[in-house]
Amino acid sequence: MGVAVGVTLANPSVASAYNPVDELTCKYDNRTYNACLLISSTGDSQSWDIHVGIDVYMSPQDAQRIAAQPSSFFAYVVASDGLYDNTLFSLPATLIAAGDTGIGAEFDRNVLSQALNEDAYPQNDEIYVLIKLYDARTGTYRTWTTNIVTNMF
Ligand SMILES: [Ca+2]
Ligand SMILES: [Ca+2]
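Residues numbered from 1 in each chain as written. Chains lettered and ligands numbered in written order. Predicted model: local features only at pLDDT ≥ 70, side-chain atom pairs only at ≥ 80, totals over all residues.

A.B. asks: What is the right way to look at the overall build of the chain in this model?
C.D. replies: Scanning the chain from terminus to terminus reveals two helices and ten strands. Starting at the N terminus, the α and β elements of the chain follow one another as β-β-β-α-β-β-β-β-α-β-β-β. Of all 153 residues assigned to the chain, the portion counted as buried reaches 32%. In the chain, of all internal contacts separated by at least 6 residues, the share reaching a separation of at least 24 is 60%. (Helix = DSSP H or I, 4+ residues; strand = E, 2+ residues; numbered from the N terminus. Buried ≥ 20, exposed ≤ 12 C-beta atoms within 10 Å, placed from the backbone. Contact = placed C-beta atoms within 7 Å.)

A.B. asks: What's the story with the environment of V77 in this structure? I'm lost.
C.D. replies: Mapped onto the fold, V77 is located in strand 4 (residues 73-79). Sequence separation of V77 and Y128 is 51 residues, and the distance between their C-alpha atoms is 5.9 Å.

A.B. asks: In this structure, what is going on with the sheet that holds strand 6 (residues 93-98)? I would like to understand it.
C.D. replies: The strands that make up a sheet are held in pairs by hydrogen bonds between backbone atoms, and each pair lies either parallel or antiparallel. Judged by pairing direction, the sheet is antiparallel, and its five strands sit side by side in the order 1-2-3-7-6 without closing on themselves. Each edge of the open sheet carries a strand with a single partner, namely strand 1 (25-28) and strand 6. With strand direction ignored, the average angle separating the axes of adjacent strands in the sheet is 10 degrees. Strand direction decides the pairing type here: strand 1 and strand 2 (residues 33-41), joined by four bridges, are antiparallel. Within the sheet, the bridge partner assigned to K27 lies in strand 2 and is A35. (Pairing = 2+ DSSP bridges. Axes fitted to C-alpha atoms, helices over the stretch in contact; angles between N-to-C directions.)

A.B. asks: What is the right way to look at the nonpolar core in this model?
C.D. replies: Nonpolar side chains tend toward joint burial in soluble globular proteins. The biggest cluster of nonpolar side chains holds 32 residues, and the ones touching the most others in it are L37, V52 and V129. Elements supplying a minimum of two residues to this core: strand 2, strand 3 (47-57), helix 1 (60-67), strand 4, strand 6, strand 7 (102-112) and strand 8 (125-135). Beyond its immediate stretch of four places on either side in the chain, L37 contacts T25, V52, Y128, V129, T146, N147 and V149. (Core = buried A, V, L, I, M, F, W, Y, C linked by C-beta atoms within 7 Å.)

A.B. asks: Before we go on, may I ask you to explain the pairing of strand 2 in this structure?
C.D. replies: Side-chain direction in a regular strand flips from residue to residue, so the side chains alternate between the two faces of the sheet. Here strand 1 hands over to strand 2 after four residues, with N30 in that stretch at a positive phi of 60 degrees. Examined bridge by bridge, strand 2 and strand 3 share nine bridges and lie antiparallel to one another. Of the residues in strand 3, the one forming a bridge with L38 is H51. In sequence, strand 2 turns back onto strand 3 through a hairpin of five residues, with G43 there showing a positive phi of about 105 degrees.

A.B. asks: Just checking my understanding: could you explain the confidence of the model for the chain for this structure?
C.D. replies: Detail in the predicted coordinates should be disregarded across regions flagged by low pLDDT. Mean pLDDT for the chain: 89, with 89% of residues reaching 70 or above. Predicted confidence is poor over residues 1-14, with pLDDT under 50, and the contacts of this stretch with residues over four places away or in other chains come to 40 contacts. (pLDDT = per-residue confidence, 0-100.)

A.B. asks: Whenever I open this one, the pairing of strand 6 confuses me. Can you help?
C.D. replies: With five bridges connecting them, strand 6 and strand 7 associate as antiparallel partners. Residue pairing for strand 7: L95 is matched across the bridge by E106.

A.B. asks: I keep staring at the environment of A136 and nothing clicks. Help me out?
C.D. replies: Relative to the assigned elements, A136 resides in the loop between strand 8 and strand 9 (140-145). The class of A136 is partly exposed, set by 13 C-beta atoms lying within 10 Å. Here the alpha-carbon distance between A136 and I66, two residues 70 residues apart in the chain, equals 7.7 Å.

A.B. asks: Any chance you could explain unusual backbone geometry here in plain terms?
C.D. replies: Residues other than glycine predominantly adopt negative phi, and peptide bonds predominantly adopt the trans conformation. Backbone torsion omega between Y121 and P122 reads 5 degrees, so that peptide bond is classified as cis. Its location among the elements puts P122 in the loop between helix 2 (113-116) and strand 8. Phi is positive for D22, which is not a glycine, with a value near 65 degrees. One can find D22 in the segment before strand 1. Positioned with a positive phi, N30 is a non-glycine residue whose angle comes to about 60 degrees. Residue placement: N30 occurs in the loop between strand 1 and strand 2. Residue class for N30 comes out exposed when judged on the 8 C-beta atoms lying within 10 Å of it.

So, in structure tokens, the structure goes:
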């Protein structure tokens, strides 16, 4: 069985400084991880669906042991401001799965536009997600960030 986060494996887009809403943007090193962020409009223009998928490559044994831990993955939506980035809110994990090539996780949350409006009008808002993986065997965290999505929320 492969890692269940299929969305992160589909032809990742090239990272750019300006990543729009309604497009999946992926950050990866072709070796240890692939982290993708999608902020999509819901149609009512008042709220947004935030979706994050990450694959972390490791042995199947390590992946199974970490997946068996009660809580291993955490994700936080962060406002990018250059010098000091603010954590806005957390995202619940909707899927954690071990596979042959590592461990995958997905996070999903629907939020109102105002939750993402981190710079006052008429400034654009820059949003990314910080993902943490806790390994209880060593008591250590690994962290990754997604690319930044820019929009006027
Ligand atoms: Ca900002
Ligand atoms: Ca704004």
